[in-house]
Amino acid sequence: MRFDTDRFREIGNTLTRNKSRSFLTGFGIFWGIFMLLALIGAGQGLKDLLGKNFEGFASNAGLIIPRPTSKPYKGFKRDREWSMTTEDISILKNSIPEIDVATPLNSKWGKTIIRDKYKIEASVKGLRPDYAMIESPHMKYGRYLNEMDILQYKKVCVLGKKIYKTLFPEGGDPCGSFVRFDGLYYEIVGVDYSSGNMSVNGRADMAVSIPLSLFRKTYNSGNKVDIICITAKSGIRVSEILDKAKKVLARKHYFDPGDSNACMVLNTESFFMIVNSLFKGVNILVFLVGLGTLFAGAIGVSNIMMVTVKERTVEIGIRRAIGATPKMILSQIVSESIVLTMIAGAIGIVFSVAILAMAELAATTDGMLTAHFQIGFWTAIVAVLILTALGVLAGMAPAARAMKIKPVDAMRDE
Amino acid sequence: MLIELKDVNKTYNNGQPLHVLKGVNLSIERGEFVSIMGASGSGKSTLLNILGILDNYDSGEYFLNGKLIKGLSERAAAEYRNHTIGFIFQSFNLIQFKTAIENIELPLFYRGTNRHTRHNLAMEYLERLGLTDWAGHFPNEMSGGQKQRVAIARALITHPQIILADEPTGALDSKTSLEVMELLKKMNKEENITIIVVTHESGVANETDKIIHIKDGVIGSIEENLRHDASPFGGADGIMK
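Below is a summary of the structure that appears in this document. (Residues numbered from 1 in each chain as written. Chains lettered and ligands numbered in written order. Predicted model: local features only at pLDDT ≥ 70, side-chain atom pairs only at ≥ 80, totals over all residues. Heavy atoms only, no water.)

## Topic: the overall build of chain A
Here comes step 1: What chain A contains, in helices and strands, is twelve helices and 14 strands.
Here comes step 2: A burial count over chain A gives 46% of its 414 residues as buried.
Here comes step 3: In chain A, once contacts between residues fewer than 6 apart in sequence are set aside, the share between residues at least 24 apart is 78%.
Here comes step 4: Total accessible area on chain A stands at roughly 19,600 Å², and carbon and sulfur atoms take up 62% of it. (Helix = DSSP H or I, 4+ residues; strand = E, 2+ residues; numbered from the N terminus. Buried < 20%, exposed > 50% of the residue type's maximum accessible area, 1.4 Å probe, protein only. Contact = heavy atoms within 4.5 Å. Areas by Shrake-Rupley, 256 points an atom, 1.4 Å probe, with all protein chains shown as cover.)

In structure tokens, the structure reads:
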């Protein structure tokens, strides 16, 4: 089999001979590949958009929040309030070695943050720097809280995105300026742009983070801890750790280990698992619909080629009479099919990439891409391989028919 | 002996079995100019198809150049057709979407000749047949005589030993018919190509050196026709038709 300009001229000749038919045939393939890739891109983009809600949040984090007990235990009445302290964190870390990070979080709601004439209601969080392991900050300006801030009780704060936007409508780097709340001035050291919807005691973009040590002094909270945030070491399920933690806390604070209300735990792992299984489903759907459409297109190509072969009986007969072997006829029909599929498919790929690029453009806010719609390079390569295979498959049946044409059939078919 | 048929039988099995060739015995020498005559349905086209390895036969033997042609693979048959046989058809059988020169080149394309050689050779044959100006024209832009000359060029370009012509003048008027026959005669004399013409027109047959009559699937008489007056045509002038 030779692949030279002659062959391509032969193929080009036959495909351009009936332009509208070639076009309509190719359209099936074009639409198939377009649907497949556009759906893949859209699914991926949706996943990203949904993932935004969990942005920055560790996928193996757990939260422990004390609640009033609901069962009497060891002489205590029910509905007893209890609270955790810094001591509990070290107990938890010591008794459960699978814990990677355990960090406290204290917060106050509805504080009015003021800068000059601008003000906004926000929550104030007292944090340690290792809270970044739970909810990773996305620093637009400046830095996150550090150990120095804690040790020296520095009056510094990190602003959430919305707070920054409200207090600094003119934009620019706010680091070094001051904001005021509860009668104290805090120097801004950073702006956190993470915008996940999942957050602990207030969304990240609506929170002001200050050093935990300062928070305790300011709000007289002693060594009380509102929430303990933990992450599991890799390979360990958070739910197991949380179960153990509950037992440890129950022993320490005298509540019934079987009391499911006394200690509320939240587990991000399960959220991520729900989202992941949801998108597994979406992906299966995408592939079913996309590949289905693509196959329908391929069958269309096969069908039309079948008709074409029937129409070209005389021509093929002539070719056979003057010395074309069946193999040459086969390779011609299959190549025609491949070329048609590839051209239509390539246009489909280009078109879907363009549409997805536009979707990405629409999904870009503040110069930051919020969702990746574009398909990857290898996805496109695989698509091309699928197309080639489909082209060959689509050409098979018509080519088999063409091979059966005998030179004499052509003579008779006048 | 270039062609030798021994007791060749052929039956078509389309619905009702039709015994077309009933034991044909025939031999044709190299360089002969022969016509096969017969009424329609006499089996002359079937015979030509078998000679041209376009069709197979059921029993008997067909020797071409001393080689038995039987049960050939499609590939081998295609090779024989491409290298030893040239075809000329009643309806020209040119490929409509190819120009004259592309049609002529086609057998060489299937032989694997490179483009440049093919093109030059095709131009040479176009010139010999006086069609140089028509090289880039499509078949539907040419007259019947021109189309048949293109077909002849296509048959000749592979330097075949045999040219099989199935009613080559069937679609032509008498003047161009005569021209085509003269052309075939010239090929026969100058290049010593064996030419076998199938026809039902006695005028055409008269131009050949030997007339083989076929009737009801068997060979009837074989006339030597060197004086070309075997069966005068209708009309006083003796021109075809």
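Having put the structure on the table, let's press on.
## Quick notes on the packing of helix 10 (residues 326-362) of chain A against helix 11 (residues 377-404) of chain A
Residues and elements named next belong to chain A.
Here comes step 1: At a closest axis distance of 7 Å, the pairing of helix 10 and helix 11 adopts a crossing angle of 145°. Crossing of helix 10 against helix 11: the hand is right-handed.
Here comes step 2: Grouping the amino acids of the contact of helix 10 with helix 11 by side-chain chemistry returns 19 nonpolar, six polar and no charged. (Axes fitted to C-alpha atoms, helices over the stretch in contact; angles between N-to-C directions. Left-handed = near helix turned anticlockwise from the far one by under 90°. Nonpolar A, V, L, I, M, F, W, Y, C, P; charged D, E, K, R; others polar.)

## A look at empty space enclosed by the protein
Residue and element names in this part refer to chain A.
Here comes step 1: Inspection of every chain in the model, using the stated rule, returns two cavities of 30 Å³ or more.
Here comes step 2: Lining of the largest cavity is provided by 15 residues; of these, Glu135, Tyr144, Asp192, Ala204 and Ser209 occupy positions nearest its centre.
Here comes step 3: Within the residue set of the lining of the largest cavity, elements represented by two or more residues are strand 4 (118-127), strand 6 (156-160) and strand 9 (207-211).
Here comes step 4: Looking at which element gives the most residues to the lining of the largest cavity, the answer is strand 6, with three residues.
Here comes step 5: A per-class count over the lining of the largest cavity returns eight nonpolar, four polar and three charged.
Here comes step 6: In this model, the second largest cavity occupies a volume close to 70 Å³. (1 Å grid on protein atoms, 1.4 Å probe; cavity = no way out; pocket = protein on both sides within 12 Å on 5 of 7 lines; lining within 4 Å. Points joined across faces, edges and corners; volume = space filled by probe spheres on them.)

## Some points on the sheet that holds strand 1 (residues 3-12) of chain B
All names here are of chain B.
Here comes step 1: The four strands lie next to each other as 2-1-4-5, forming an open sheet whose pairing is antiparallel. Edge positions in the sheet fall to strand 2 (18-28) and strand 5 (67-68), since each of these pairs with one other strand and no more.
Here comes step 2: Bridge analysis of strand 1 against strand 4 (residues 59-64) gives five bridges, and the strand direction is antiparallel. Paired with Ile3 across the strands is Leu64, a residue of strand 4.
Here comes step 3: Sheet strands touched by helix 1 (residues 44-51): strand 1, strand 2 and strand 4. Its angle to strand 1, the strand with the most contacts, is close to 120°. (Pairing = 2+ DSSP bridges.)

## Description of the interface of chain B and chain A
Here comes step 1: Contact with chain B, which involves 26 residues of that partner, is made by 27 residues of chain A.
Here comes step 2: Across the chain B to chain A interface the summed buried area is about 2,500 Å²; carbon plus sulfur atoms make up 57%.
Here comes step 3: Linking chain B to chain A there are one salt bridge.
Here comes step 4: Inspection of the region where chain B meets chain A yields five residue pairs in polar contact (both at pLDDT 80 or more).
Here comes step 5: Of all the elements in the fold, those that place two or more residues in the side of chain B that touches chain A are helix 2 (74-84), helix 3 (100-111) and helix 4 (115-128) of chain B.
Here comes step 6: Its residues assigned to classes, the side of chain B that touches chain A shows twelve nonpolar, five polar and nine charged. (Buried area = accessible area lost by both parts, 1.4 Å probe. Salt bridge = Lys/Arg side-chain N within 4 Å of Asp/Glu carboxyl O. Polar contact = N/O pair within 3.5 Å; in protein donor to acceptor, adjacent residues only side chain to side chain.)

## Considerations on helix 3 of chain B
Here comes step 1: With ten of its twelve residues buried, helix 3 of chain B lies for the most part within the structure.
Here comes step 2: Within helix 3 of chain B, burial applies to B:Ala100, B:Ile101, B:Asn103, B:Ile104, B:Glu105, B:Leu106, B:Pro107, B:Leu108, B:Phe109 and B:Tyr110.
Here comes step 3: The elements touched by buried residues of helix 3 of chain B are helix 1 (5-17), helix 9 (313-321) and helix 10 of chain A together with helix 2, helix 4 and helix 5 (144-156) of chain B.
Here comes step 4: Looking one or two residues beyond helix 3 of chain B, the residue adopting positive phi is B:Gly112, at roughly 95°.

## Some words on the nonpolar core
Here comes step 1: Membership of the largest hydrophobic core comes to 43 residues, with the highest contact counts inside it found for A:Ile33 and A:Ile333.
Here comes step 2: Put simply, the parts of the chain that give this core at least two residues each are helix 1, helix 2 (19-52), helix 8 (268-311), helix 9, helix 10 and helix 11 of chain A together with helix 3 of chain B.
Here comes step 3: It is helix 10 of chain A that provides the largest number of residues to this core, a total of eight residues.
Here comes step 4: Dropping the residues within four chain positions of it, A:Ile33 is found in contact with A:Leu294, A:Gly345, A:Gly348, A:Ile349, A:Ala383 and A:Leu387.
Here comes step 5: Core analysis: the next-biggest nonpolar cluster, separate from the first, contains 34 residues, B:Leu108, B:Ala122, B:Tyr125 and B:Ile152 among them. (Core = buried A, V, L, I, M, F, W, Y, C linked by side-chain atoms within 4.5 Å.)

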